[in-house]
Every structure is written in structure tokens, then in C-alpha cells.
Amino acid sequence: MDYPLPIRCLQSLTRRLPRPALTSSLLLLAFLTALFVVTGALFPTETLAGYDSRLQITGQFLVFTLLPPYLLACLIVQVQATPGVVAAWQPC
């Protein structure tokens, strides 16, 4: 059975890690937080073009930092909870 690459990665994560949703989400959260802190988006010193205030930049930082780990955790939990869904995706 040849599954798509993201599903194969999720399946290998669920086999190797004791809590794959929590572990992978925390790793992604740490990476994104470090990325945004290094680029200066967490505490911007100046207002960029297209933004009215620096709080808008910080709000966008929060959305782009917190949403992907949450969605990844939901996807991993869904793949763990319903293995029949992944089997249903394969062609007959």
C-alpha cells in the first residue's frame, strides 16, 4: 500500500513516539517561536507598510505560531483515532 507522504510520516510518528501529537506539536511550536523571535516579529520596533500598529504584527505572529501546531495535533489524533479513514482513501 502506497500512502501519500504526509500520511506515511504521521504513521511513522505514531509508531515511534509515545505521545506523537503532543511531541510533534511542541517541536513545531518551538521552531516557529524561535523563527519569529529571531526575525523580530514578536516585538517589532517599527510599523511595517500595510499595518496600522505594531500590535497587528504581534497578533499575526500569534496566529502563525499557534495555529499550525494545533492543526498538526488535530491531524495526528484524527489519524490515530480512525485508521479506517486512511484505508478508505486508497483506490480499490
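Our subject in this report is the structure included herewith. (Residues numbered from 1 in each chain as written. Predicted model: local features only at pLDDT ≥ 70, side-chain atom pairs only at ≥ 80, totals over all residues. Heavy atoms only, no water.)

Some remarks on the overall build of the protein
So the rule is basically this: Helix numbers and strand numbers start at the N terminus; a helix is a DSSP run of H or I with at least 4 residues, a strand a run of E with at least 2. A radius of gyration in this sense is built from C-alpha atoms; the matching globule rule multiplies 2.2 Å by the number of residues raised to 0.38.
Of regular secondary structure, the protein possesses four helices and zero strands. Going from N to C terminus, the protein has its helices and strands arranged as α-α-α-α. Taking 12 Å as the expected radius of gyration for a compact globule of 92 residues, we find that the protein reaches 18 Å, considerably beyond that expectation. Each principal axis of the C-alpha distribution contributes one length, and for the protein these read about 55 × 30 × 20 Å.

Some points on the packing of helix H2 (residues 20-39) against helix H3 (residues 54-81)
Applicable threshold: To obtain each axis, a line is fitted to C-alpha atoms, and for helices this fit is confined to the stretch in contact; angles are then taken between N-to-C directions over 0 to 180 degrees. To sort the angles, those under 35 degrees are grouped as roughly parallel, those over 145 as roughly antiparallel, those from 65 to 115 as roughly perpendicular, and the leftovers as oblique. The hand of a helix crossing depends on one turn: near helix anticlockwise from the far one by less than a right angle means left-handed, and clockwise means right-handed. Throughout, a residue-residue contact means that at least one pair of heavy atoms, one from each residue, lies within 4.5 Å. Polarity classes work like this: nonpolar for Ala, Val, Leu, Ile, Met, Phe, Trp, Tyr, Cys and Pro, charged for Asp, Glu, Lys and Arg, and polar for all others, with Gly in that last group.
It is at 9 Å that the axes of H2 and H3 come closest, and there the two elements cross at 165°. Between H2 and H3, the angle is such that the two are roughly antiparallel. Note on packing geometry: the crossing formed by H2 with H3 is right-handed. Contact residues: Pro-20, Ala-21, Ser-24, Ser-25, Leu-28, Leu-29, Leu-32, Thr-33 and Phe-36 in H2; Phe-61, Phe-64, Thr-65, Leu-66, Pro-68, Pro-69, Leu-72, Ala-73, Ile-76, Val-77 and Gln-80 in H3. Grouping the amino acids of the contact of H2 with H3 by side-chain chemistry returns 15 nonpolar, five polar and no charged.

Topic: the side chain of Thr-65
Here is the rule we go by: We define a polar contact as two N or O atoms separated by no more than 3.5 Å, with the added condition that, inside protein, one atom must be a possible hydrogen donor and the other a possible acceptor, whereas residues neighbouring each other in sequence contribute only through side-chain atom pairs.
Mapped onto the fold, Thr-65 is located in helix H3. Of the polar contacts made by the side chain of Thr-65, one reaches the backbone oxygen of Phe-61; its length is 2.7 Å. Setting aside anything within four residues of it in sequence, one finds Thr-65 in contact with Leu-29, Leu-32, Thr-33 and Phe-36.

A few points about the packing of helix H1 (residues 5-16) against H3
The N-to-C vectors of H1 and H3 enclose an angle of 75°; their axes lie 10 Å apart at closest approach. Regarding the angle of H1 to H3, the classification is roughly perpendicular. On H3, the residues that touch Leu-10, Leu-13 and Thr-14 of H1 are Leu-72, Leu-75, Ile-76, Val-79 and Gln-80. Here the residues of the contact of H1 with H3 sort into six nonpolar, two polar and no charged.

Concerning the environment of Arg-15
Condition: Partly exposed describes any residue whose relative accessible area lies between the buried limit of under 20% and the exposed limit of over 50%, with all areas from a 1.4 Å probe on protein chains only and scaled to the type maximum.
Within the secondary structure, Arg-15 sits in helix H1. The exposure class of Arg-15 is exposed, given its relative accessible area of 65%.

Looking at the nonpolar core
What counts is decided by this rule: As used in this record, nonpolar core signifies buried Ala, Val, Leu, Ile, Met, Phe, Trp, Tyr and Cys residues forming a set joined through side-chain atoms within 4.5 Å.
With five residues, the main nonpolar core is built from Leu-10, Ala-21, Ala-73, Ile-76 and Val-79. Considering each element in turn, this core owes the most residues, three residues, to H3. When near neighbours in sequence (up to four residues on either side) are disregarded, Ala-21 contacts Ala-73, Ile-76 and Val-77.

Comments concerning a nonpolar patch on the surface
Cut-off, in case you're wondering: Patches in this entry comprise residues that are over 30% relatively accessible and not in a salt bridge; like charges within 9 Å are linked, as are nonpolar side chains (Val, Leu, Ile, Met, Phe, Trp, Tyr) within 5 Å. Accessible areas in this description were obtained via Shrake-Rupley with a 1.4 Å probe; residue shielding takes into account the shown protein chains only. Salt bridges are identified by distance alone: a Lys or Arg side-chain nitrogen within 4 Å of an Asp or Glu carboxyl oxygen.
Nonpolar side chains collect at one region of the surface, where Val-63, Phe-64, Leu-67, Tyr-70 and Leu-71 lie side by side and expose about 500 Å² of accessible area between them. With respect to the helices and strands, Leu-71 occurs in helix H3. Of the residues examined, Leu-71 reaches a relative accessible area of 48% and is grouped as partly exposed.

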